[in-house]
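In case you want the letters, here they are:
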Amino acid sequence: MKHVIVITGASSGFGALTARALAAAGHTVYAGMRETTGRNAPQAAEARRYAAEQGVDLRPVELDVVSDASVQAATAGIIRECGRLDVVIHNAGHMSFGPAEAFTPEQFAQLYDINVLSTQRVNRAALPQLRKQGRGLVVWVSSSSARGGTPPYLSPYFAAKAAMDSLAVSYAAELSRWGIETSIIVPGAFTRGTHHFAHAGAPADAPRAAEYDQGPYTGLAEQSLKGLSSLEPANADVAEVARAIVRVVDMPFGTRPFRVHIDPSGDGCEVVNGMADRVRAELFRRIGLEDLLKPHKR
């Protein structure tokens, strides 16, 4: 079945790969990105070029996830053009790297805004349409860092991703009676194939960061990144995240998995999530809310 899909943060990385893969699978895909006539104009043009060359329906759309007005305008435009919206993919995010103490509270808040509050903006814009339809799918691109082995110097990002994952779990139960499914995609620490680490934010308090780098934690940053890279198999393919999302979207209603892990490095997140999700399901059974574990047909 052909779906109308919007994906946030689709100018590069997982988002760009997923937007193209979904369009190639026959869906109408709105690739959300900010500054489509400015900084990301080349990325928007590349998406249009791909659509024309491949004969697929891929449409770049101005969508800045930290702006209520931008999110509302983009969502309304999609619904106006297509008459519906079937799938929302929360992919936008940003990484930071450095000692936690050296990041200002404002930097933590900004990262939380991009990685967490952005999903709330998009949900508030899109969910009324999905609820009206009585059918839909929300896909959350989480991270193994939410519950897996977490190396140091990535704390603002890890905290934000853990919050987003927790929000996804809560939303899942609150949407199932509306006929809306939830799937949480959990990529591992891909150190190649995206620009996540290269474009990571740095601490604003440089003198305090230097105290770590020149003190007992000298060399830790390099050791941490080198260690992460060494765990990643040579054949690890970042495009597998996009393929996993396509598989989930293409599944029949009611059969989609709650979580899908794509973690070539095996940092342990799948084990911890498996236990946490079982505990959640058991609690729902004990309090008489087992029906919330599966989407209802409406």
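1. Quick notes on the overall build of the protein chain
Then comes step 1: From N to C terminus, the protein chain includes nine helices and seven strands.
Then comes step 2: For 298 residues, the compact-globule estimate of 2.2 N^0.38 gives 19 Å, and the C-alpha radius of gyration of the protein chain, at 19 Å, lies within 12% of that figure.
Then comes step 3: Each of the three principal axes of the protein chain carries a C-alpha extent, and together these read 60 × 50 × 40 Å.
Then comes step 4: Across the 298 residues that make up the protein chain, the buried fraction comes to 48%.
Then comes step 5: Intrachain contacts of the protein chain at a sequence separation of at least 6 include 77% that bridge at least 24 residues.
Then comes step 6: Carbon and sulfur atoms provide 54% of the accessible area of the protein chain, an area that totals close to 13900 Å².

2. Let's talk about the nonpolar core
Then comes step 1: Within the largest apolar cluster, 33 residues are counted, with the highest numbers of intra-cluster contacts made by L22, L58, I89, I185 and I245.
Then comes step 2: Taken together, the elements giving at least two residues each to this core come down to β1 (4-7), α1 (13-24), β2 (28-33), α2 (41-54), β4 (87-90), β5 (136-141), α8 (239-250) and β7 (259-262).
Then comes step 3: With six residues, the single largest contributor to this core is α8.
Then comes step 4: By size, the runner-up hydrophobic cluster in this structure holds 30 residues, among which are V4, A168, V169 and L175.

3. As for the environment of H94
Then comes step 1: Residue position: H94 is located in the loop between β4 and α4 (105-133).
Then comes step 2: A C-alpha to C-alpha distance of 25 Å links H94 and N235, two positions 141 residues apart in sequence.
Then comes step 3: Each residue touching H94, except ones within four places of it in the same chain, is listed here: L111, I114, N115, Y157, H199, A200 and G201.

4. Points about the packing of helix α3 (residues 68-82) against α4
Then comes step 1: Direction vectors running N to C along α3 and α4 enclose 25°, while the axes themselves pass 9 Å from each other. Taken as axis vectors, α3 and α4 run roughly parallel relative to one another. Taken as a pair, α3 and α4 cross one another with a handedness that is right-handed. Contacts from D68, V71, Q72, T75 and I79 of α3 reach α4 at R121, V122, A125, A126 and Q129.

5. Observations regarding the pairing of strand β6 (residues 180-187)
Side-chain positions along a regular strand alternate between the two faces of the sheet.
Then comes step 1: Most of β6 sits inside the fold, with eight of its eight residues counted as buried.
Then comes step 2: Where burial is concerned, the two faces of β6 agree: the one with I180, T182, I184 and V186 and the one with E181, S183, I185 and P187 are both buried.
Then comes step 3: The sheet contact formed by β5 and β6 spans six bridges and is parallel. Bridging across to β6, V141 finds its partner in I185.

6. Describing the side chain of S265
Then comes step 1: Within the secondary structure, S265 sits in the loop between β7 and α9 (269-286).
Then comes step 2: With residues up to four places along the chain from it excluded, the contact list for S265 reads A189, L231, E232 and P233.

7. A closer look at the side chain of D113
Then comes step 1: Assignment of secondary structure puts D113 in helix α4.
Then comes step 2: Look at D113 and you get buried, because its relative accessible area is 19%.
Then comes step 3: Ignoring sequence-local partners within four residues, the contact set of D113 consists of V66, S118 and R121.

8. Description of the packing of aromatic side chains
Then comes step 1: Applying the stated criterion across every chain yields a total of five aromatic pairs.
Then comes step 2: Between F103 and F108, the aromatic rings sit 6.3 Å apart at their centres with planes inclined by 85°, giving edge-to-face as the arrangement.
Then comes step 3: Look at F103 and you get buried, because its relative accessible area is 7%.
Then comes step 4: F108 sits in the partly exposed class, given a relative accessible area of 30%.
Then comes step 5: Taking 6.3 Å as the distance between ring centres and 50° as the angle between the ring planes, the aromatic pair formed by Y157 and F158 counts as tilted. Neither residue differs from the other here; Y157 and F158 are each classed as buried.
Then comes step 6: Taking NZ or CZ as reference, R20 lies 5.5 Å from the ring centre of Y50, over its face.
Then comes step 7: Against the face of W178 rests R131, its NZ or CZ located 4.7 Å from the ring centre.

9. Structural notes on the pairing of strand β3 (residues 58-62)
Then comes step 1: Across five bridges, β2 lies against β3 in parallel orientation. Looking across to β3, one finds that G32 is bridged to V61.
Then comes step 2: Regarding the hand of the β-α-β motif, the stretch spanning β2, α2 and β3 is right-handed.

10. Describing unusual backbone geometry
Then comes step 1: One non-glycine residue, E35, lies in positive phi territory at about 55°.
Then comes step 2: You can see E35 is positioned in the loop between β2 and α2.
Then comes step 3: A positive phi is found at Y153, a non-glycine position, where the angle reads about 80°.
Then comes step 4: Checked against the element boundaries, Y153 lands in the loop between β5 and α5 (155-175).

Conventions we followed
- Sequence order as written defines the numbering, with residues in each chain counted from 1.
- For a predicted model such as this one, the threshold for reporting local features is a pLDDT of at least 70, and the threshold for listing and counting side-chain atom pairs is 80 or more; totals across whole chains, interfaces and linings nevertheless cover every residue.
- Calculation of side-chain values draws on the structure's entire complement of heavy atoms; hydrogens and water are dropped beforehand.
- Secondary structure counts use DSSP, requiring at least four H or I residues in a row for a helix and at least two E residues in a row for a strand, with both numbered from the N terminus.
- In this setup the radius of gyration rests on C-alpha atoms only. A globule is expected at 2.2 Å times the number of residues raised to 0.38.
- Only protein chains enter the calculation, and the probe is 1.4 Å; a residue is then buried if its accessible area is under 20% of its type maximum, exposed if over 50%, and partly exposed in between.
- Here a residue-residue contact requires only that any non-hydrogen atoms of the pair lie within 4.5 Å.
- Per-residue and other accessible areas follow the Shrake-Rupley method at a 1.4 Å probe size, with only the shown protein chains counted as cover for residues.
- Think of a nonpolar core as a cluster: buried Ala, Val, Leu, Ile, Met, Phe, Trp, Tyr and Cys residues, connected wherever their side-chain atoms sit within 4.5 Å.
- For helices, the axis comes from a line fit to the C-alpha atoms of the stretch in contact; other axes are also lines fit to C-alpha atoms, and the angle between any two N-to-C directions lies between 0 and 180 degrees.
- Roughly parallel refers to an angle under 35 degrees, roughly antiparallel to one over 145, roughly perpendicular to one between 65 and 115, and oblique to any angle outside these ranges.
- The crossing is said to be left-handed when, going from far helix to near helix, the turn is anticlockwise and less than a right angle, and right-handed when the turn is clockwise.
- Criterion used throughout: strands pair if DSSP finds at least two bridges between them.
- Any pair of Phe, Tyr and Trp rings, taking the six-membered ring for Trp, is counted once the centres come within 6.5 Å. Such a pair is stacked with planes under 30 degrees apart, edge-to-face with planes over 60 apart, and tilted for the rest.
- The rule for a charge over a ring is simple: NZ of Lys or CZ of Arg within 6 Å of the ring centre, and within 35 degrees of the ring normal.
- We call a crossover right-handed when, viewed with both strands directed away from the observer, the connection leading from the first strand over the helix to the second proceeds clockwise.

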